[in-house]
Amino acid sequence: MVIKTPTIPEIQEAVKAQPRLLCRAGGSKQALSGADGSVTLDVSGLSGVLEYQAGEFVFTALAGTPLLEIEKMLSEKGQYLPFDPPLADAGATLGGTVAAGLSGPMRWRYGGVRDFILGVKFVDGEGSLVRGGGRVVKNAAGFDLPKLMVGSLGRLGVLVELSFKVFPAPQATRTLRVAFGRLEEALEACLRLAASAIELYALDFEPPAGLALRLGGLEKALEERSRRLWSFLGKDGELLEGEREARYWRGINNFGWAGGKPLVKVALTPKKIAGLEAALLHSSNPLPSSTRRYHAAGHLLYMAWDGSWTELDTLLKTQGLAGLVLAGNPLSPALGINSAHPFGERATRALDPQGKFAR
Amino acid sequence: MSKEVLQELSKLLPAGRLLTAAAALSPYQSDALTAFKAKPLAVALPESAGEVIETVRWCAKHQIPFVARGSGTSLSGGSLPIDGGLVIGLNRLNRILKLDPKERVAVVEPGVVNLDVSKAAAPFGLYYAPDPSSQPVSTIGGNLAFNSGGAHCLKYGMTSNHVLGAKVVLPTGEVVELGGESLENTGPDWLGLFVGSEGLMGVALEIKLRLLPKPEKYHTVLAAYDSLEKAGSAVAMVVASGLLPGAMEIMDSLAIEAAEAAVQAGYPQDAKALLIVELEGETLEVEAEARHLSEVIEASRAYKVQIARNEAERAKIWKGRKAAFSAVGRLSPDYIVQDGVVPRSKLGQALSEIEKLSLRYGLRVANVFHAGDGNLHPLILYDGRVPGELERGEELAGEILKLCVALGGSITGEHGVGMEKKRYLPAMFAEADIELMRKIRQSVDPHELSNRGKMFPGGEAEALVRQGLHPLEKRGVISRE
Ligand SMILES: Cc1cc2nc3c(=O)[nH]c(=O)nc-3n(C[C@H](O)[C@H](O)[C@H](O)COP(=O)(O)OP(=O)(O)OC[C@H]3O[C@@H](n4cnc5c(N)ncnc54)[C@H](O)[C@@H]3O)c2cc1C
């Protein structure tokens, strides 16, 4: 059953009335919002920007607001979402982005969605409307509930309103794509860059052995900065500029490269990449390496997967990693190592004592 | 409390590391907010994570409230002992357990001093970004509990944005791992909830920190204005220009005068306001941005502009700024420092309201603040020996906090709620909000053992006795922001 709840009181009522609920807004992360037997709350109607003052670097919007709308509003003032959330063109919303905890390639420069969320209003498991955080760029009062909601997958409450910090967008960007002979070489260069004074907006590892490096800043310094980057790498590559460059990153962040296959997010560190790549190549149904993309110097992987979910679950466990299915039909979207702990269990019980949002 | 119970603890900690004598306890009865004092039952000084865990388990078993304590520099009574409770002093857990320059991660014990992380990382061209001005003494554990900030938080955020993971002993004695070494995570951000929880959810035993490459170049500008408003609008102009400086700080005339007298930073004495703007990053980019910034500062009608030509000149500019608070403290026997936040566009309004309040209450207020993120630090000067002045100062401080909330801001940007501001929490949050936070706390800590009586309104309302410089400030070791 799907209930459309375009207003906050309706959401509160539904939470009080229903024994089990699952939220959906844009539906762009189908594995997280697909029917699972419980009642689906369609909150896509809860949409619109409530406040935006470019001079404050802050905006507040209802949770169902599409990312596209936010991006357009910000770009008119020369600003952007520094955590670069994926799936904007597929209709992703702010609330879905926070609940799934998703950031994109440019999260490398200033941080992910957790680093930019400032305030949250949500309906808890008892139907109460509560608020945490604030609407200013700096605030240390009370528990950091906004951060807690990042990655909460709707299990801790129904997000209804969100405030974010934003930054001025780089005046110009350009991208350098470099290919290396071997995976180890590419990773070595990746780590060297990450520890250097060279500031990149995106630092992507493209398996089997490529890097995509996005520079941004004032137009007049870019030429010389790209030359410097080139000589740092001691290697030639392909230069992307202008419209073409923008389209390239847009494509990446909409997962066009996954070819419509089931999609998984994995959190990791660079030292795990070689082992994971080898394990994936030896899996029973290996996909080409072009269907994987490591962002943020190897801290964030998005990958397509066409095999059995049990196999991937085991594979990730063996590598000591945790993953989250975004598209596909697994039994549970959480894969790999289980990081459940009493702290999480007890906090969850406080927010949702009757387990209405449990999965 | 029976003797046997304490005896049980003394079996866990060797002699000399469980303090119970009145004289040994007295240095622990306050934090940097010396107005509050309380007498702990004892002070435990563990030297390993294992000993901390055993100590917390002892507290859980006997339901004895405890406070974790780093260096005790909290300005809000966060590390004030609980009457009859245990203080767990963590200064001896001060080892850097791992420093991986390649992956840019440091794993530290909670008693490691903030600045020591950057010192250890320096040979690799790395540093730990959050820079509270207490950084020569305050600990990573304390920074984590208070989500501490500093002058350079505009661009790269506060402590929470630099903590990747933590091993924590919960108030029940269970040990959990929150976060990890990755910048990313799947599932709820439990670590995000723990950081900034003011010691109410347990004790951090081991903390994983993210290190950043040191900026290649700084460009530091000092601009003098003949009014505070002009300095305020200069900040707005910098923001509107699309630049993102690493720091933007303002000082008013009282603060300038005091800082100049204290450290001779070379500040223009006739200025009504000084603005420090610092760009940081890749040399080529900073140089290009600097030209851009010059135009903006010129248009902002600064009557005097000084640009640091080298590291020594940069250090001099910052020295005056960092010393400003203790310097202002010299103008007056006592002072209260507040930490409210307002939206940047309301800075001018907030400052003129504060000036009005200052006149109304007959107390001088100096202003030194993180203009870039709207974080005010009004310093209310008073003389504790003059009857009624302390109460007036306290009332004025409360008015300022309410003003910040009314303007759409917050009661605290970085010093935390602690003991001092707990009665103002309801000015910012509705009953339901506070209720839910309390439920989370009680679910994690059913007997409210961990830092009992802090952050949430209610309980015994304590009166301020006296404010003054932290002993370390008097010795010039640290200064306030
Ligand atoms: C002169 C001066 C300047 C300052 N400047 C700044 C500034 O610029 N920015 C800023 O943000 N703050 C500033 N402060 C405030 C203070 O330094 C910070 O709050 C700092 O983080 C406290 O660190 P500490 O080690 O002294 O912690 P303590 O004061 O000992 O403890 C602070 C809180 O942390 C808890 N705690 C300590 N260790 C742990 C642990 N391991 N696990 C769980 N909880 C723990 C305590 O219970 C307490 O609630 C300043 C203070 C002074 C005196």
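Residues numbered from 1 in each chain as written. Chains lettered and ligands numbered in written order. Predicted model: local features only at pLDDT ≥ 70, side-chain atom pairs only at ≥ 80, totals over all residues. Heavy atoms only, no water.

**Examining the packing of aromatic side chains**
The relation between two aromatic rings is expressed through the spacing of the ring centres and the mutual angle of the planes. The test is simple: Under the pairing criterion, centres of Phe, Tyr and Trp rings, with the six-membered ring standing for Trp, must be within 6.5 Å; the plane angle then separates stacked pairs below 30 degrees from edge-to-face pairs above 60, leaving the rest tilted. Every helix listed is a DSSP run of H or I at least four residues long, and every strand listed is a run of E at least two residues long, numbered separately from the N terminus. Each residue is placed in one exposure class: buried if its accessible area under a 1.4 Å probe, protein chains only, is under 20% of its type's maximum, exposed if it is over 50%, and partly exposed if it falls in between. Any Lys NZ or Arg CZ that is within 6 Å of a ring centre and within 35 degrees of that ring's normal is treated as a charge sitting over the ring.
Summed over the entire model, instances satisfying the criterion amount to 15 aromatic pairs over all chains. Ring geometry for Phe57 of chain A versus Phe167 of chain A: centroids 6.0 Å apart, planes at 80 degrees, classification edge-to-face. Here Phe57 of chain A is found in the loop between strand S4 (49-53) and strand S5 (58-62), whereas its partner Phe167 of chain A is found in strand S10 (residues 167-168), with 110 residues between them in sequence. Grouping residues by exposure puts Phe57 of chain A and Phe167 of chain A together as buried. When the ring of Phe255 of chain A is compared with that of Trp257 of chain A, the centres are 5.6 Å apart and the planes differ by 90 degrees; the resulting orientation is edge-to-face. Of the two residues examined, Phe255 of chain A and Trp257 of chain A, each falls in the buried class. A network of ring pairs unites the aromatic residues Phe57, Phe59, Phe83, Tyr110, Phe116, Phe164, Phe167 and Tyr201 of chain A together with Tyr156 of chain B as a single cluster. In this arrangement the basic side chain of Arg344 of chain B is found over the ring face of Phe57 of chain A, its NZ or CZ atom lying 4.4 Å from the centre.

**With respect to the domain arrangement of chain B**
Residues and elements named next belong to chain B. Which entries qualify depends on this criterion: The source of the domain bounds is an automatic or database domain assignment. Buried surface area refers to the total accessible area, computed with a probe of radius 1.4 Å, that the two partners give up upon joining, counted for both partners together. Salt bridges, as used here, are contacts in which a Lys or Arg side-chain nitrogen is within 4 Å of a carboxyl oxygen on Asp or Glu.
Entries for chain B in the domain assignment read domain 1 (96-213) and domain 2 (217-314). Here domain 1 and domain 2 have C-alpha centroids that lie 30 Å from each other. Of the roughly 670 Å² buried between domain 1 and domain 2 on both sides combined, carbon and sulfur atoms contribute 52%. Its largest share of buried area at the contact with domain 2, domain 1 owes to His152, Leu154 and Lys155, together 76% of the area lost on that side. On inspection of domain 1 and its partner domain 2, the count reaches zero salt bridges.

**Some words on the domain arrangement of chain A**
Residues and elements named next belong to chain A. The criterion, for reference: By the convention used here, residues are in contact when the closest approach between their heavy atoms is within 4.5 Å. Polar contacts here mean pairs of N or O atoms no more than 3.5 Å apart (in protein, one a potential hydrogen donor and the other a potential acceptor; neighbouring residues in sequence count only if both atoms are side-chain atoms).
Assigned domains within chain A: domain 1 (2-168), domain 2 (172-245) and domain 3 (256-336). Distance from the C-alpha centre of domain 1 to the C-alpha centre of domain 2: 32 Å. Each partner contributes residues to the interface: domain 1 has six residues there, and domain 2 has eight residues. When domain 1 packs against domain 2, close to 700 Å² is buried across both sides, 61% of that on carbon and sulfur atoms. Considering only the side of domain 1, the residues that lose the most area to domain 2 are Met106, Trp108 and Arg109, jointly responsible for 77% of the buried surface there. At the surface where domain 1 touches domain 2, the tally comes to one salt bridge. Across the salt bridge formed by Arg109 and Glu199, the nearest N and O atoms sit 3.2 Å from each other. Across the contact surface, domain 1 and domain 2 share one residue pair in polar contact (both at pLDDT 80 or more). Looking at the side of domain 1 that touches domain 2, the element that brings in the most residues is helix H5 (residues 107-110), giving three residues.

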